[in-house]
Amino acid sequence: MTVAQTAYSVSEPITTGLTALERFGHVERPDLRYTPEIAEATAPIFEKVKHFIPAIEWAALAPTIHAINKLKKERNAVILAHNYMTPDIYHGVADIFGDSLQLAIEATRTDAEVIVQCGVHFMAETSKILSPEKTVLIPDMRAGCSLAESITGADVRALRERNPGVPIITYVNTSAEVKAECDICCTSSNALQVVESFGVDRVFLVPDKYLAANVGKKTDVEVLVWDGACEVHERFTAEELRDYRRIEPDVKIIAHPECPPEVVAEADFAGSTAHMIDWVKTRRPEKVMMVTECSMADNIASETPDVNYIRPCNLCPHMKRITLGKILDSLVEMKEEVVVDPVVADRARTAVERMINLKI
């Protein structure tokens, strides 16, 4: 799915003044004993993850997975899981999985009243921006992002003051406040097209300096950068990739464009998480190395059993704050609700919609 192919509508925001728990009511905490009934009910899920989760661990995880899947129906909730979630979440409880913007747009198309965002905080904000009438929960409010935290709305205003007339494009991996101050949003898959859509000589692409540099290599537009980076992707090096090739000469290397340009140059393909997954599913290489967060290879391995994954492992500490136990807590207690000021949300939504309306 591409963003341009997706339509959605925006409803009125929640204005009751009540907490999520007051709006949805109290429920009893479920019994988490592992029973034959739970073993049978979760067996199809275990089949997908048995190569990553031993049976002895599954006995501890299955009751929580079963409880979440039951409770989300009672709460009329939809669980969104980013591609970097662990397999127990991705295969066990997620209703929709994908990259951050794809998740937020897909959530607008459901009848669910509650969104549980299994990702980081800016993703939950984006879901709230596009679905203001829904209750958005994040299992751990501390799940941040080095990119999103590298820039503020005040930073963008200062950029605009110092560079009048220069369009400012923001990557979706930013806060609602930053989106609200920018002219348009972009994703890692459409950044080049958004940059060139202005028909000008210079633009800012913030905050990821590596994404901006990688886009700049493909266009005649001068792409001005901000000094932000993803702490997962910036740790990869070109030398590391060359070492892997010496060990595994036949391996195909695919990288995320948040990686440094010299890393992207060593790769056989570079693209967003969704494009990386599509590349593997379509090409079916005998061996592949996905230069991104660890869990993504685990999550698609069950769908591509003929592919051997060489795993360079850089974990995202923020994504890993999201656990099954915290997802269950969020549904039981309806806590960690994400709220975005309606004025900020309206302006941020405009930046997102401008991107969608480009139909790229």
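Just so we're clear, the structure is a prediction, and the values are computed from it rather than from any experiment.

Draft legend 1. Just the sheet that holds strand 11 (residues 287-291), in detail. As summarised here, the arrangement of the four strands in space is 10-9-11-12, forming an open sheet in which the pairing is parallel. Of all the strands in the sheet, the pair left with one neighbour each is strand 10 (269-270) and strand 12 (308-310). Across two bridges, strand 9 (residues 252-255) lies against strand 10 in parallel orientation. The residue bridging Ala255 from the neighbouring strand is Ala270, located in strand 10. The strands touched by helix 11 (residues 238-247) are strand 9, strand 11 and strand 12; relative to strand 11, the strand with the most contacts, the crossing angle is about 170 degrees. On the sheet, helix 13 (residues 273-283) packs against strand 9, strand 10, strand 11 and strand 12 and is oriented at approximately 180 degrees with respect to strand 11.

Draft legend 2. Here's a closer look at the domain arrangement of the protein chain. Here the protein chain is partitioned into domain 1 (20-144 + 320-340), domain 2 (147-229) and domain 3 (238-315). Of the roughly 740 Å² buried where domain 2 meets domain 3, counting both sides, 60% is carbon and sulfur surface. For the domain 2 face of the interface with domain 3, the top three residues by lost area are Ser188, Tyr210 and Asn214, together amounting to 54%. Linking domain 2 to domain 3 there are zero salt bridges. Here domain 2 and domain 3 share four residue pairs in polar contact (both at pLDDT 80 or more) between them. Top contributing element to the side of domain 2 that touches domain 3 by residue count: helix 10 (residues 209-216), with four residues. Across the side of domain 2 that touches domain 3, the residue classes tally to five nonpolar, four polar and two charged.

Draft legend 3. Inspection of the sheet that holds strand 7 (residues 202-206) at higher detail. Pairing is parallel in the open sheet, where four strands are placed in the order 6-5-7-8. Each edge of the sheet is formed by a strand with only one pairing partner; in this case those strands are strand 6 (184-186) and strand 8 (222-225). In this sheet, adjacent strand axes meet at a mean angle of 35 degrees when their direction is disregarded. Relative to strand 6, strand 5 (residues 168-171) is paired through three bridges, and the arrangement is parallel.

Draft legend 4. Expanded view of the nonpolar core. Ile89, Cys118, Leu205, Val280, Met290, Tyr309 and Ile327 are the most contacted members of the largest nonpolar core, which has 97 residues in total. Setting aside anything within four residues of it in sequence, one finds Tyr309 in contact with Val280, Val288, Met290, Ala297, Ile300, Ala301 and Thr304. Core analysis: the next-biggest nonpolar cluster, separate from the first, contains twelve residues, Leu241, Ile253, Cys259 and Val263 among them.

Draft legend 5. Molecular detail of the pattern of salt bridges. A complete count under the given rule lists 25 salt bridges for this structure. Measuring nitrogen to oxygen at the nearest pair gives 2.9 Å for the salt bridge that ties Arg142 to Asp140. A salt bridge links Arg157 to Glu181; the shortest N-O distance between them is 2.9 Å. Here Glu181 lies in helix 8 (residues 176-181) and Arg157 lies in helix 7 (residues 153-162), a separation of 24 residues in the sequence. For Arg157, a relative accessible area of 38% translates into the label partly exposed. Among the residues examined, Glu181 registers a relative accessible area of 14% and is labelled buried. Taken together, the salt bridges that share partners define one network made up of Arg29, Asp329, Glu333 and Lys335.

Draft legend 6. Looking closely at the UniProt feature "binding site: [4Fe-4S] cluster" (unreviewed entry) in the protein chain. On the UniProt side, "binding site: [4Fe-4S] cluster" (unreviewed entry) is annotated at positions that read Cys145, Cys230 and Cys316 here. In terms of the greatest pairwise C-alpha distance, the residues named above, spread along 172 residues, form a tight cluster of at most 9.2 Å across. Residue position: Cys230 is located in the loop between strand 8 and helix 11. By relative accessible area, Cys230 is classed as buried at 12%. Leaving out residues up to four positions away in the same chain, Cys230 has contacts with Ser146, Leu147, Asp208 and Glu258.

Rules of the game
- Residue numbers restart at each chain and count upward from 1, following the sequence in its written direction.
- The predicted nature of this model means local features are confined to residues of pLDDT at least 70 and side-chain atom pairs, given and counted, to a pLDDT of 80 or more, with totals for whole chains, interfaces and linings taken over all residues.
- Each side-chain value is worked out from all heavy atoms of the structure, with water and hydrogens disregarded.
- By the convention used here, strands pair only if DSSP detects at least 2 bridges between them.
- Counting from the N terminus, the helices are the DSSP runs of H or I reaching at least four residues and the strands are the DSSP runs of E reaching at least two.
- Two residues qualify as a contact provided that any one of their heavy atoms is within 4.5 Å of a heavy atom in the partner residue.
- To define axes, lines are fitted to C-alpha atoms, for helices over the stretch in contact only, and angles between the resulting N-to-C directions are given on a 0 to 180 degree scale.
- Note that the domain bounds reflect an automated or database-derived domain assignment.
- Put simply, buried area is how much 1.4 Å-probe accessible surface two parts lose in total, over both of them, once they are put together.
- The salt bridge definition used is simple: a Lys or Arg side-chain nitrogen within 4 Å of an Asp or Glu carboxyl oxygen.
- N or O atoms within 3.5 Å of each other form a polar contact, as long as, within protein, one can give a hydrogen and the other can take it, and as long as residues adjacent in sequence are counted only when both atoms are side-chain atoms.
- Nonpolar residues are Ala, Val, Leu, Ile, Met, Phe, Trp, Tyr, Cys and Pro. Charged residues are Asp, Glu, Lys and Arg, and all others, Gly as well, are polar.
- Joining through side-chain atoms within 4.5 Å is the link that ties buried Ala, Val, Leu, Ile, Met, Phe, Trp, Tyr and Cys residues into a set, and such a set is a nonpolar core.
- Burial classes: relative accessible area under 20% of the type maximum marks a residue as buried, over 50% as exposed, and values in between as partly exposed (1.4 Å probe, protein chains only).
- UniProt positions are given in the numbering used here, feature names are shortened, and annotations may be inferred rather than shown by experiment.

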